[in-house]
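Below, each chain spelled out in residue letters.
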Amino acid sequence: SADITILKFLEPWLAKRRITFLSVDIDAFKTSEAPGCSQSWPQGLSLRDLYKVFETLKARLDIRALGIYEVYPPLDVADMTSKLAAQIAYQFLIE
């Protein structure tokens, strides 16, 4: 699954705890979860995939800031993409 692929790719970088700025590009998500961005993909990430990766990143890195990019409200359907961005921000803040 996508979360395992991402974590395998990041494994060498995650070996050492370091101060990190985390950037989440909404374009990486599935169109069904993030219609309000300029370039979403039918086969993109799901929020569940991100949460699994996020959990590992938060445990292994000293994340000091989070940026969420590419939300484009004029394309958003029922504020789905804005809500996705809010859920990501909330997940970052709760721990």
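Numbering of residues begins from 1 in every chain and follows the order in which that chain's sequence is written. Per-residue local features are limited, in this predicted model, to residues with pLDDT of at least 70; the limit for side-chain atom pairs, both in listing and counting, is 80 or more; totals at the level of whole chains, interfaces and linings are taken over all residues. The side-chain figures draw on all heavy atoms in the structure; neither hydrogens nor water molecules are used.

K.L.:
What's the story with the layout of surface pockets in this structure? I'm lost.
P.N.:
To find the voids left in a structure, one rolls a probe of water-molecule size over its atoms. Any residue with an atom within 4 Å of a point lines the site, the site being either a cavity, points on a 1 Å grid over the protein atoms alone where a 1.4 Å probe fits but cannot get out, or a pocket, an open set with protein on both sides within 12 Å along at least 5 of 7 lines. Grid points are joined across faces, edges and corners, and a volume is the space filled by probe spheres set on the points. Its boundaries defined by the atoms lining it, the largest pocket holds a volume of some 300 Å³. Around the largest pocket, the lining comprises 17 residues; the ones closest to its centre are Ile6, Leu10, Leu22, Ser23 and Leu57. Taken together, the elements giving at least two residues each to the lining of the largest pocket come down to α1 (2-14), β1 (19-25) and α2 (47-60). Numbering goes from the N terminus for both helices and strands, where a helix is a DSSP run of H or I of at least four residues and a strand is a run of E of at least two. Counting residues per element, the lining of the largest pocket draws most heavily on β1, at five residues. Each residue gets one label: Ala, Val, Leu, Ile, Met, Phe, Trp, Tyr, Cys and Pro are nonpolar, Asp, Glu, Lys and Arg are charged, and the others, such as Gly, are polar. For the lining of the largest pocket, the per-class residue count stands at 14 nonpolar, two polar and one charged.

K.L.:
Can you walk me through the pattern of salt bridges in this structure?
P.N.:
For side chains bearing opposite charge, pairing can occur when the charged atoms are close. In what follows, salt bridge is the name for a side-chain nitrogen of Lys or Arg lying within 4 Å of a carboxyl oxygen of Asp or Glu. This model, assessed by the stated rule, comprises two salt bridges. One salt bridge connects arginine 60 with glutamate 11, and the closest N-O pair in it is separated by 3.0 Å. Placement of arginine 60 in helix α2 and of glutamate 11 in helix α1 is noted, with a sequence separation of 49 residues between them. Relative accessibility thresholds used throughout: buried, under 20% of the residue-type maximum; exposed, over 50%; partly exposed, between the two (1.4 Å probe, protein chains only). A relative accessible area of 37% places glutamate 11 in the partly exposed class. Between arginine 64 and aspartate 62 there is a salt bridge, with its nearest N and O atoms 2.8 Å apart.

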